Amino acid sequence: MVEFKEAKMYYENDADLNFLSGRTIAILGYGSQGHAHALNLRDSGAKVIVAQRPGGDNYKKAVEDGWNPVNVAEAVKQADWVHILLPDEMQKKVWDEDIKPNIKKGITLSFSHGFNIRYKRILPTPDLDVIMIAPKGPGHLVRRQYEEGKGVPCLIAIEQNASGKAKELSLAYAKAIGGTRGGVLETTFTEETETDLFGEQSVLCGGVVELINSGFETLVAAGYQPEIAYFECCHEMKLIVDLIFEGGIAKMNYSISDTAEYGEYVTGKRIITDETRAEMKKVLSDIQSGKFADSWVKENENGRTEFKKCREEVAARLIEKIGAKLRSKMAWTKK
């Protein structure tokens, strides 16, 4: 059995907002995470400027929220702290063209995902603190939880500690966006990147989507009504995950029938087999070696041909058409 060291968690009393005093924090990008970070920081008393390209919903949203968005170069020139919340595939170009030529010496550069540091697409100068503050939840939840006096747990990581205060700065930022209310765990850029990509690909997105669709198609091919197949293999997924979220697998098993629990024990390992686990190891190896990152970079350089094709194929699946029809009758899903 692999031995592991229990992670140290940080909470409200471990962080000091005074480390943000006198600093101007530039939030680059006003999307899901960007809007949450900017608003939470502002509500915590930090001085914030927002960079967002004119036009589009994100720019409009920023203006509605009371910001005067500027371009990236201008935001970086004004900032004592630059936090990049742009899509992974865009960050290197923006770094090369707008951030690197304008960033002040000795300030803080931060991220919420380690992709571009881990795969050395961005190479910061050694005078910068390079840190990560990564909420473990979507931006809209980060904002809503903060407003409710709660907080989404965060990861922090230190890649460069030029000032000697990088950890204190990371914790202060995490506190300002509500992370220390939920708990903050220290990691590394490498660990965050590799585990995040693996979780998305093997479980949360790639694994779950294919499992749901395969179950749906198996039932439909056997002659069952698509609507029943949708309820059984897709709709109920949220109900099960909510139980696990609230109280772990134990609460889910407590809440389902004994028949369902027995089925879990005797059938789960028939679906997730040793062959599946071997493939998961290959997926992890591709992430660790940089093979996946190289593939994603090349896909973007080539106009996302395969990406767009796959997106269209998923959108055309029967489960999507049946799901849209059923959800249209559920008034609460429109909120």
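Quick note: structure is the one above.
Describe the sheet that holds strand 2 (residues 24–28), listing the residues and the values that go with them.
With respect to topology, 8 strands assemble into an open sheet ordered 1-8-7-6-5-4-2-3, the strand pairing being mixed. The open sheet terminates on both sides in strands that have one partner only, identified here as strand 1 (9–10) and strand 3 (47–51). Alignment of strand 1 against strand 8 (residues 184–187), held across 2 bridges, turns out to be antiparallel. The residue of strand 8 that forms the bridge with Met9 is Leu185.

Can you break down the nonpolar core residue by residue, with the values?
Of all hydrophobic cores here, the largest spans 29 residues; its most connected members are Leu41 and Ile133. When residues of this core are traced back to their parent elements, those giving at least two are strand 2, helix 1 (32–43), strand 3, strand 6 (129–135), strand 7 (154–160) and helix 7 (166–176). When residues in this core are grouped by element, the largest group, 7 residues, is from helix 7. Counting 27 residues, the second largest nonpolar core, distinct from the first, contains Ile49, Ala51, Leu109 and Ala134.

Report on the environment of Tyr173, specifying residues and quantitative values.
You can see Tyr173 is positioned in helix 7. With 127 residues separating them in the primary sequence, Tyr173 and Ala46 have C-alpha atoms 9.3 Å apart. Beyond its immediate chain neighbours, meaning those up to four positions away, Tyr173 contacts Leu20, Ile25, Ile27, His37, Leu41, Trp81, His83 and Ile133.

Mind laying out unusual backbone geometry, listing which residues take part and the relevant values?
In this structure, Lys120 is a non-glycine residue whose phi angle is positive, near 55°. Backbone geometry places Arg304, a non-glycine residue, at a positive phi of 60°.

Could you give an account of the side chain of His113, naming the residues involved and the relevant values?
Secondary-structure assignment places His113 in the loop between strand 5 (108–111) and helix 5 (115–118). Here the side chain of His113 touches Glu192 through a polar contact of 3.0 Å, side chain to side chain. With residues near it in sequence (within four places) discarded, His113 still touches Asp88, Met132, Glu192, Thr193, Asp196 and Leu197.

How would you summarise helix 11 (residues 226–255) if you had to cite specific residues and measurements?
Its 30 residues give helix 11 an end-to-end C-alpha distance of only 26 Å, which falls more than 12% under 44 Å, the value for a rise of 1.5 Å per residue. Of all the bends in helix 11, the greatest measures close to 130° and is centred on Gly247. Those residues of helix 11 not exposed but buried are Ala229, Tyr230, Cys233, Leu243, Met252 and Asn253. Close packing links the buried residues of helix 11 with helix 10 (206–221), helix 12 (258–271) and helix 16 (318–327).

Residue-level account of the pattern of salt bridges, with values.
Oppositely charged side chains may form a pair once their charged atoms are brought near each other. Here the structure, examined in full by the defined rule, presents 17 salt bridges. With a shortest N-O distance of 2.9 Å, Asp96 and Lys92 are connected by a salt bridge. Placement of both Asp96 and Lys92 in helix 4 (residues 88–99) is noted, with a separation of 4 residues, approximately one turn of the helix. Taking relative accessible area as the criterion, Asp96 reaches 37% and is therefore assigned partly exposed. Measuring nitrogen to oxygen at the nearest pair gives 3.8 Å for the salt bridge that ties Glu279 to Lys282. With Glu279 and Lys282 both in helix 13 (residues 274–289) and 3 residues apart, this pair spans about one turn of that helix. Given the relative accessible area of 43%, Glu279 is considered partly exposed.

Could you give an account of a nonpolar patch on the surface, with specific residues and numbers?
A cluster of nonpolar residues, Leu211, Ile271 and Ile272, forms a patch on the protein surface that exposes about 250 Å² of accessible area. Note that Leu211 resides in helix 10.

Summarise the packing of helix 11 against helix 16; cite the residues concerned and give the values.
Relative orientation of the contacting elements helix 11 and helix 16 amounts to 90°, with a least axis distance of 10 Å. Classified by the interaxial angle, the pair formed by helix 11 and helix 16 is roughly perpendicular. Packed against helix 11, whose contacting residues are Pro226, Glu227, Tyr230, Phe231 and Cys234, the element helix 16 presents Leu318, Ile319, Ile322, Gly323, Lys325, Leu326 and Arg327 at the interface. Each residue belonging to the contact of helix 11 with helix 16 can be placed in one class, and the counts come to 8 nonpolar, 1 polar and 3 charged.

Got a sec to walk through the packing of aromatic side chains? Specific residues and values, please.
Inspection of every chain in the model, using the stated rule, returns 5 aromatic pairs. A centroid spacing of 5.1 Å and a plane angle of 65° characterise the contact between Phe115 and Tyr119, whose relative ring orientation is edge-to-face. You'll find Phe115 and Tyr119 in the same group, each marked buried. Between Tyr230 and Phe231, the ring centres sit 6.3 Å apart and the planes meet at 65°, which makes this aromatic pair edge-to-face. On the basis of relative accessible area, Phe231 is assigned to the partly exposed category, the value being 31%. The ring of Tyr146 has Arg181 sitting right over it, with the charged end atom 4.6 Å from the ring centre. Taking the ring centre of Phe307 as reference, the NZ or CZ of Arg304 above it sits at 4.9 Å.

Tell me what's going on with the packing of helix 9 (residues 189–204) against helix 10, and back it up with residues and numbers.
For the pair helix 9 and helix 10, interaxial distance at closest approach is 3 Å and the crossing angle is 5°. On the basis of their axis angle, the class for helix 9 and helix 10 is roughly parallel. Where helix 9 approaches helix 10, its residues Glu200, Gln201, Ser202, Val203 and Leu204 are matched on the opposing element by Gly206, Gly207 and Val208. Partitioned by chemical class, the residues of the contact of helix 9 with helix 10 number 3 nonpolar, 4 polar and 1 charged.

Calculation rules
Residues numbered from 1 in each chain as written. Predicted model: local features only at pLDDT ≥ 70, side-chain atom pairs only at ≥ 80, totals over all residues. Heavy atoms only, no water. Pairing = 2+ DSSP bridges. Helix = DSSP H or I, 4+ residues; strand = E, 2+ residues; numbered from the N terminus. Core = buried A, V, L, I, M, F, W, Y, C linked by side-chain atoms within 4.5 Å. Buried < 20%, exposed > 50% of the residue type's maximum accessible area, 1.4 Å probe, protein only. Contact = heavy atoms within 4.5 Å. Polar contact = N/O pair within 3.5 Å; in protein donor to acceptor, adjacent residues only side chain to side chain. Expected span 1.5 Å × (residues − 1). Bend = angle between axes of the 7 residues up to and from the residue. Salt bridge = Lys/Arg side-chain N within 4 Å of Asp/Glu carboxyl O. Patch = residues over 30% accessible without salt bridge, like charges linked within 9 Å, V, L, I, M, F, W, Y side chains within 5 Å. Areas by Shrake-Rupley, 256 points an atom, 1.4 Å probe, with all protein chains shown as cover. Axes fitted to C-alpha atoms, helices over the stretch in contact; angles between N-to-C directions. Parallel < 35°, antiparallel > 145°, perpendicular 65-115°, else oblique. Nonpolar A, V, L, I, M, F, W, Y, C, P; charged D, E, K, R; others polar. Phe/Tyr/Trp six-rings, centres within 6.5 Å; stacked < 30°, edge-to-face > 60°. Lys NZ or Arg CZ within 6 Å of the ring centre and 35° of its normal.

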